[in-house]
Amino acid sequence: MSDDALEGRIAIVTGGGAGIGGAISRRLAAAGATVVINDVDADHLAGAVADIEHSGGRAVPVPGDIRDASVVARLTEVALAVADGRVEVLVNNVGDYRPNGRFLKTSEDEWHQLYALNLEHVFRVTRALAPAMVERGTGSIVNVSTVEAFRGIPANAVYSAFNAGVNAFTKSLAVELGREGVRVNAVAPDLTDTLQTPAAAMLRGRDPDMVRHWLPLGRFGRPDDIADVVVFLAGDAARFVTGTVIPVDGGTTAASGWYLRHDGRGWTNLPDSP
Ligand SMILES: NC(=O)c1ccc[n+]([C@@H]2O[C@H](COP(=O)([O-])OP(=O)(O)OC[C@H]3O[C@@H](n4cnc5c(N)ncnc54)[C@H](O)[C@@H]3O)[C@@H](O)[C@H]2O)c1
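Here's what I pulled together on the structure shown here.

1. Structural notes on the packing of helix α3 (residues 69-82) against helix α4 (residues 108-136)
Link 1 in the chain: Relative orientation of the contacting elements α3 and α4 amounts to 20°, with a least axis distance of 9 Å. Between α3 and α4, the angle is such that the two are roughly parallel. Seen from above, α3 lies across α4 with right-handed handedness. Residues A69, V72, L75, T76, A79 and L80 of α3 form the contact with α4, whose participating residues are R124, V125, A128, L129 and A132.
Link 2 in the chain: Residues of the contact of α3 with α4, tallied by class, amount to 9 nonpolar, 1 polar and 1 charged.

2. Focus: the packing of α4 against helix α5 (residues 157-177)
Link 1 in the chain: α5 packs onto α4 with a crossing angle of 15° between their chain directions and a minimal axis gap of 9 Å. With respect to α5, the element α4 is oriented roughly parallel. Along this stretch, α4 crosses α5, giving a crossing that reads as right-handed. Contacts from W111, L114, Y115, N118, L119, V122, F123, T126, A130 and V134 of α4 reach α5 at V158, Y159, F162, N163, G165, V166, F169, L173 and L177.
Link 2 in the chain: The class makeup of the residues in the contact of α4 with α5 is 15 nonpolar, 4 polar and no charged.

3. Brief notes about the nonpolar core
Proteins that are soluble and globular tend to have nonpolar side chains buried together.
Link 1 in the chain: Core analysis: the biggest nonpolar cluster contains 31 residues, and L6, I24, L28, V35, I37, V91 and V187 have the highest contact counts within it.
Link 2 in the chain: No other element matches the 7 residues that helix α8 (residues 223-234) contributes to this core.
Link 3 in the chain: If we skip the residues at most four places from it in the chain, L6 touches L28, A31, G32, A33, V231, A234 and G235.
Link 4 in the chain: In terms of nonpolar packing, the next biggest core, distinct from the first, is built from 27 residues, I10, V78, L90 and A130 among them.

4. Focus on the pairing of strand β6 (residues 182-189)
Link 1 in the chain: Counting buried residues in β6 gives 8 out of 8 residues, a clear majority hidden from the surface.
Link 2 in the chain: Burial of β6 is two-sided: the residues V182, V184, A186 and A188 facing one way and the residues R183, N185, V187 and P189 facing the other way are all buried.
Link 3 in the chain: Pairing geometry for strand β5 (residues 139-144) and β6, over 6 bridges, is parallel. The partner of I141 across the bridge, within β6, is V184.
Link 4 in the chain: In the classification by handedness, the crossover that spans β5, the intervening α5 and the parallel β6 is right-handed.
Link 5 in the chain: Of the strand pairs in this sheet, β6 and strand β7 (residues 245-248) are connected by 4 bridges, and their pairing is parallel. Of the residues in β7, the one forming a bridge with A188 is P247.

5. Considering the pattern of salt bridges
Between side chains of opposite charge, a pair can form as their charged atoms come close.
Link 1 in the chain: Under the criterion given, the structure shown has 16 salt bridges.
Link 2 in the chain: Among the ionic pairs, D96 bridges to R98, the shortest N-O distance being 2.9 Å.
Link 3 in the chain: D96 sits in the buried class, given a relative accessible area of 15%.
Link 4 in the chain: Overall, R98 belongs to the partly exposed group, its relative accessible area being 36%.
Link 5 in the chain: The shortest N-O distance in the salt bridge between R212 and D209 comes to 3.1 Å.
Link 6 in the chain: Judged by relative accessible area, R212 falls into the partly exposed class, the value being 41%.

6. Re the sheet that holds β6
Link 1 in the chain: Overall, parallel pairing links the 7 strands, which are arranged β3-β2-β1-β4-β5-β6-β7 in an open sheet. Sheet topology places β3 (58-63) and β7 at the edges, where each strand pairs with a single neighbour. Along the sheet, successive strands turn relative to each other by an average axial angle of 20°, direction set aside.

About the cut-offs
- Residues numbered from 1 in each chain as written.
- Predicted model: local features only at pLDDT ≥ 70, side-chain atom pairs only at ≥ 80, totals over all residues.
- Heavy atoms only, no water.
- Axes fitted to C-alpha atoms, helices over the stretch in contact; angles between N-to-C directions.
- Helix = DSSP H or I, 4+ residues; strand = E, 2+ residues; numbered from the N terminus.
- Parallel < 35°, antiparallel > 145°, perpendicular 65-115°, else oblique.
- Left-handed = near helix turned anticlockwise from the far one by under 90°.
- Contact = heavy atoms within 4.5 Å.
- Nonpolar A, V, L, I, M, F, W, Y, C, P; charged D, E, K, R; others polar.
- Core = buried A, V, L, I, M, F, W, Y, C linked by side-chain atoms within 4.5 Å.
- Buried < 20%, exposed > 50% of the residue type's maximum accessible area, 1.4 Å probe, protein only.
- Pairing = 2+ DSSP bridges.
- Right-handed = clockwise from strand over helix to strand, strands pointing away.
- Salt bridge = Lys/Arg side-chain N within 4 Å of Asp/Glu carboxyl O.

Now the structure itself:
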């Protein structure tokens, strides 16, 4: 995608160096935005900035762990300085299912880690940057959630609960800020090939041909699949869209436990071994 849908706008992406966030940064820049990119990994950050600049785009790096309040303060300061108080797009992307494991084996310390990784920074970054949007009466916030907030996922109950929190926050804030010109939406990916969930690891020991049985669209997701929906939500094409959580999952949420049969003849919700 290369257009000028976001020309001249300022966009912020947390965890915007690699994976889904990396694709979002690159796509927003290709659409004309100046992208302020936060990432905890110096190589991921440098790679995204270099790619964007190489393509003729504009990117401003803000290194650091988004769980750290001082990093959020720095991100806010840089973003507001880049364009004299203007912030049009905020993408809260950072999240991680780890540490995971059976709930009865989890510790309170692990719950707090998952809270910090999946929900607390979404509140903190939004609290810091949304006022600039309200001030100018325009803005789009896009949160990256997960399909696991819609369904039960064993060994990830706490991750799932905090991402359900992201979805509820998205909807409530959308209602609260709608009259002030700020839209708030979320995307919910599934099975996307990234560093966190590499396709090779998802497939380990399995027949690659099985992918077409698992996902209605017949393949794993790619970071660009998610990024294109985020760019849509960020821009004016989505001017009447707020308070939604869009699954970007190749149809897994719709299938909800239904799979193509091994012989390809119809579907089953009672999958057998091959
Ligand atoms: N990959 C999937 O299949 C999948 C599925 C559902 C939801 N998600 C969600 O999508 C989002 C992105 O996932 P991903 O798979 O691209 O992750 P990833 O781990 O592949 O990439 C995350 C990026 O964020 C950076 N990062 C990680 N922790 C950070 C922190 N504390 N502060 C700043 N930067 C940090 C990393 O360096 C990396 O560049 C997450 O919220 C995740 O929960 C992913």
